[in-house]
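Residue-level structural notes
The chain contents come next:
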Amino acid sequence: EAAGEAEARLLLLQEARESIEAARSYRRELQQRLRGLHQARQQIKESAALTRDVLEQHFNDLKGTLKKLLDERLLSLLQEVDAIEQESIKPLDECQKLIEHGVSTADELLREGESAVDGDVGQQNEKLCNFTKKALHIQLDSLPEVPSLVDVPCLSAQLDDCLLTILKNQIFRHGTVASRPPVQLEEFVEKPGGILVRWCKVDEDFTPQDYRLQFRKGTASHFEDVYVGSETEFMVLHIDPNVDYQFRVCARGDGRQEWSPWSVPQLGRTTLVPHEWTAGLEGYSLSSRRNIALRNDSQSCGVLYSKAPTYFCGQTLTFRQVLLGIETVGQPDRRDSLGVCVEQQNGFDSLQRDKAVCVSTNGAVFVNGKEMTNQLPAVTSGSTVTFDMEVVQLGPCSNEGGNFKLRVTISSNNREVVFDWVLDQCCGSLYFGCSFSYPGWKVLVF
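Quick caveat: nothing in here was measured; it's all calculated off a predicted structure.

On the basis of which strands lie adjacent, the open sheet formed by 3 strands has the order 1-2-5 and antiparallel pairing. The sheet terminates laterally at strand 1 (183-191) and strand 5 (233-236), the two strands that pair on one side only. Strand-to-strand twist in this sheet, taken as the mean axis angle between neighbours without regard to direction, amounts to 20 degrees. Direction of pairing for strand 1 relative to strand 2 (residues 194-201): antiparallel, over a ladder of 8 bridges. Bridge pairing in strand 2 links Glu 190 to Ile 195.

Next comes the structure, spelled out in structure tokens:
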């Protein structure tokens, strides 16, 4: 009986512990949902506050611009009134001067005539003769033409009241508030010194023509454009490792000029340090970020390696190693190489050696120094060569070797070769390198 009670107690304790664990799990789920609700509420409040600021700023700018335009139009019309007034008054002023001069002459002539008529009899004949001659000379029957009121301008302002109706209708239709952007950010993929950003359309009725991606470092700076185009992904370079960047994307509908509302901003970061070439090797000049190498005209030759083995192999991960963008080309040579290797080995003028896989500029593929039968297109200006590697076999290292195998895919100009690269040692990370025999080659690695 005591054993039965003990067993029953154990069962009760077990059930109690399971209930406690279920309660804890239930509490965690509820707390997680509370955090989700808090984030959703914050997103609504922050986006609403930002939308208010944008609307107020936009309409304040519109009011300022409209006032400026109305003031400029008013000034233009007033200047037009002044010009018509001055042009119309000028001949009237000239006619007035002529008439006033005639009145003055007539007054003077009247005084002389009255004086001649009322003067002494002895001088009367001479004065009358002079007055008559002067009167004939003045041509008292010639009068200046004065325009009638119907022939002179009568200024008035013609104002179309329908402008207010048009403006009212346009203003009431100006601007919209959207709560569902048609595109959203979908994925952030870490890259060495960069982030591959992908986005997707979430509105089935929306037909996008172009996308616009923006980012900013942290939250203190302004967003800036980083990509505008028709693709749905973009590699953002020059990203500092272990630093949060904020991204957002919008779209422009087919045949439209205005952009859609922005997507929900999301944070992205990379923990991978950027790929860099080793500085100081004679024969190669590097950019300030050391991600671009230029084969100069030095007579020295050799393999330019990466600064560190920044290509990490994961046991169960599939990843892309480095992307080599050929910006400019020089004279090709069979010894040229672009590829990866287990370790740096000085004294070689090419990666076409043991413990390395590479591609020559003529498209030949070499594995551990041996040329493969499959070949890629020749490397030309603008070409890209990509290396994808996946661990397919990993076992304990032994004297026989061959326990570490990588599945390698090399792609170039829409063609690829796939092979297994067998190594006699376990490699957690690899170097990348290049070698060119002639100057003019310029390689970007990221």
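Let us look at the sheet that holds strand 7 (residues 266-268). Taken in spatial order, the 4 strands line up as 4-3-6-7 in an open sheet, and their pairing is antiparallel. The open sheet is flanked by strand 4 (224-229) and strand 7, the only strands paired with a single partner. With strand direction ignored, the average angle separating the axes of adjacent strands in the sheet is 30 degrees.

The next point concerns a nonpolar patch on the surface. Where nonpolar side chains cluster on the molecular surface, the patch consists of Leu 55, Phe 59, Leu 163, Leu 164, Leu 167, Ile 171, Phe 172 and Val 177 and spans about 790 Å² of accessible area. Of all the secondary structure elements, the ones that give two or more residues to the nonpolar patch are helix 1 (2-118) and helix 3 (162-173). In terms of residue count, helix 3 provides more of the nonpolar patch than any other element does, 5 residues in total. Its location among the elements puts Leu 163 in helix 3.

Here, the residues flagged by UniProt with the feature "coiled-coil region" (unreviewed entry) are residues 13-87. When the span residues 13-87 is considered, its composition is 100% helix and 0% strand, and the gap between its end C-alpha atoms is 109 Å.

All right, on to the layout of surface pockets then. One number sums up the size of the largest pocket: a volume of about 2,000 Å³. In this structure, the largest pocket is lined by 47 residues; those nearest its centre are Leu 50, Thr 51, Ala 178, Pro 261 and Trp 262. Among the elements of the structure, helix 1, strand 3 (208-217), strand 6 (245-253) and strand 7 are those that each provide at least two residues to the lining of the largest pocket. When residues of the lining of the largest pocket are assigned to their parent elements, the largest contribution, 14 residues, is made by helix 1. Taken together, the residues of the lining of the largest pocket break down into 20 nonpolar, 18 polar and 9 charged. Computed from the structure, the second largest pocket encloses a volume of approximately 630 Å³. Put simply, the parts of the chain that give the lining of the second largest pocket at least two residues each are helix 1 and helix 3. Of the residues in the lining of the second largest pocket, the class split is 11 nonpolar, 2 polar and 4 charged.

Okay, the side chain of Thr 361 next. You can see Thr 361 is positioned in the loop between strand 14 (356-359) and strand 15 (364-367). Given the relative accessible area of 4%, Thr 361 is considered buried. One polar contact links Thr 361 to Asp 336, side chain to side chain, over a distance of 3.0 Å. Non-local contacts of Thr 361, meaning those with residues more than four positions away in its chain, are made with Pro 332, Asp 333, Asp 336, Ala 378, Val 379, Phe 436 and Trp 441.

For the rest of this paragraph, the subject is helix 1. Between its first and last C-alpha, helix 1 extends 168 Å over 117 residues, near the 174 Å set by a 1.5 Å rise per residue. Of all the bends found along helix 1, the most pronounced is centred on Ile 89 and spans about 25 degrees, while Pro 91, a proline, follows it within four residues. Taken as a whole, helix 1 has its buried residues at Ser 88, Cys 95, Leu 109, Gly 113 and Ala 116.

Spanning 12 residues, helix 3 covers 17 Å between terminal C-alpha atoms, matching the ideal 16 Å at 1.5 Å per step. Positive phi shows up at Gly 175, right after helix 3, with a value of about 85 degrees.

The backbone phi angle of Arg 290 is positive, close to 60 degrees, even though this residue is not glycine. Inspection of the secondary structure puts Arg 290 in the loop between strand 8 (284-286) and strand 9 (292-295). The backbone of Asn 413 sits at a positive phi, close to 50 degrees, despite the residue not being glycine. Tracing the backbone shows Asn 413 in the loop between strand 18 (404-412) and strand 19 (415-423).

Let us look at the nonpolar core. Counting residues in hydrophobic clusters, the biggest one holds 34 residues, and the most contacted among them are Met 389, Leu 406, Ile 410, Phe 419, Trp 421 and Leu 430. Elements represented by at least two residues in this core include exactly strand 13 (337-341), strand 14, strand 15, strand 17 (384-394), strand 18, strand 19, strand 20 (429-435) and strand 21 (442-445). Membership of the second largest hydrophobic core comes to 16 residues, among which are Val 197, Trp 199, Tyr 211 and Phe 215.

Our focus in this paragraph is the state of the cysteines. By the definition in use, this model includes 0 disulfides. Summary of cysteine pairing: Cys 95 is not part of a disulfide, and the nearest cysteine sulfur, belonging to Cys 154, is at 19 Å. We classify Cys 95 as buried; its relative accessible area is 15%. Among the cysteines around Cys 434, which has no disulfide bond, Cys 341 carries the closest sulfur, lying 11 Å off.

This part is about the pairing of strand 2. Pairing analysis gives 4 bridges linking strand 2 to strand 5, with the strands arranged antiparallel. If you follow Leu 196 over to strand 5, its bridge partner there is Met 235.

Opposite charge on two side chains permits them to pair, given that their charged atoms come into close proximity. Enumeration over the complete set of coordinates arrives at 18 salt bridges. Of the charged contacts, one joins Arg 256 and Glu 258 as a salt bridge, the two residues approaching to 2.2 Å between their closest N and O atoms. For Glu 258, a relative accessible area of 41% translates into the label partly exposed. Asp 349 is the partner of Arg 335 in a salt bridge, and the nearest nitrogen-oxygen pair spans 3.6 Å. Taken together, the positions of Arg 335 in the loop between strand 12 (318-328) and strand 13 and Asp 349 in the loop between strand 13 and strand 14 put the pair 14 residues apart, joining distant regions of the chain. When its relative accessible area of 37% is taken as the criterion, Arg 335 is described as partly exposed. The exposure class of Asp 349 is partly exposed, given its relative accessible area of 35%. Within this structure, Glu 21, Arg 24 and Arg 28 form a network of salt bridges that share partners.

Cut-offs and rules
- Numbers given for residues are sequential positions, taken from 1 along each chain in its written order.
- Given that the model is predicted, a residue must reach a pLDDT of at least 70 before its local features are reported, and side-chain atom pairs must reach 80 or more before they are shown or counted; all residues, however, enter totals for whole chains, interfaces and linings.
- Think of the side-chain values as coming from all heavy atoms in the structure, minus any hydrogens and water.
- When DSSP locates at least two bridges between a pair of strands, those strands are taken to pair.
- The helix count covers DSSP runs of H or I at least four residues long, the strand count covers runs of E at least two residues long, and both are numbered beginning at the N terminus.
- To obtain each axis, a line is fitted to C-alpha atoms, and for helices this fit is confined to the stretch in contact; angles are then taken between N-to-C directions over 0 to 180 degrees.
- Exposure above 30% relative accessible area and no salt bridge define the residues that can form patches, which grow by joining like charges within 9 Å and nonpolar side chains of Val, Leu, Ile, Met, Phe, Trp and Tyr within 5 Å.
- We get accessible surface area from the Shrake-Rupley algorithm with a probe of 1.4 Å; when it comes to residues, only the shown protein chains can shield them.
- Take a side-chain nitrogen of Lys or Arg and a carboxyl oxygen of Asp or Glu: if they are within 4 Å of each other, that pair is a salt bridge.
- UniProt positions are given in the numbering used here, feature names are shortened, and annotations may be inferred rather than shown by experiment.
- Here a cavity means grid points, on a 1 Å grid over the protein atoms only, where a 1.4 Å probe fits yet cannot get out; a pocket means an open set of points with protein on both sides within 12 Å along at least five of seven lines; lining residues are those with an atom within 4 Å of a point.
- Grid points are joined across faces, edges and corners, and a volume is the space filled by probe spheres set on the points.
- Classification used: nonpolar for Ala, Val, Leu, Ile, Met, Phe, Trp, Tyr, Cys and Pro, charged for Asp, Glu, Lys and Arg, polar for all others including Gly.
- Exposed residues in this analysis have more than 50% of their type's maximum accessible area, buried residues have under 20%, and partly exposed residues fall in between, with area computed by a 1.4 Å probe over protein chains only.
- Nitrogen and oxygen atoms within 3.5 Å of one another constitute a polar contact, given that in protein one can donate a hydrogen and the other can accept it, and given that sequence-neighbouring residues count only through two side-chain atoms.
- Contacts are assigned to residue pairs that have any heavy atoms within 4.5 Å of one another.
- For a helix, the expected span equals 1.5 Å multiplied by the number of residues minus one.
- Across the chain, bend at a residue is computed as the angle between axes fitted to the seven residues ending at that point and the seven starting from it.
- To qualify as a nonpolar core, a set must consist of buried Ala, Val, Leu, Ile, Met, Phe, Trp, Tyr and Cys residues joined through side-chain atoms within 4.5 Å.
- In what follows, a disulfide is any cysteine sulfur pair within 2.5 Å.

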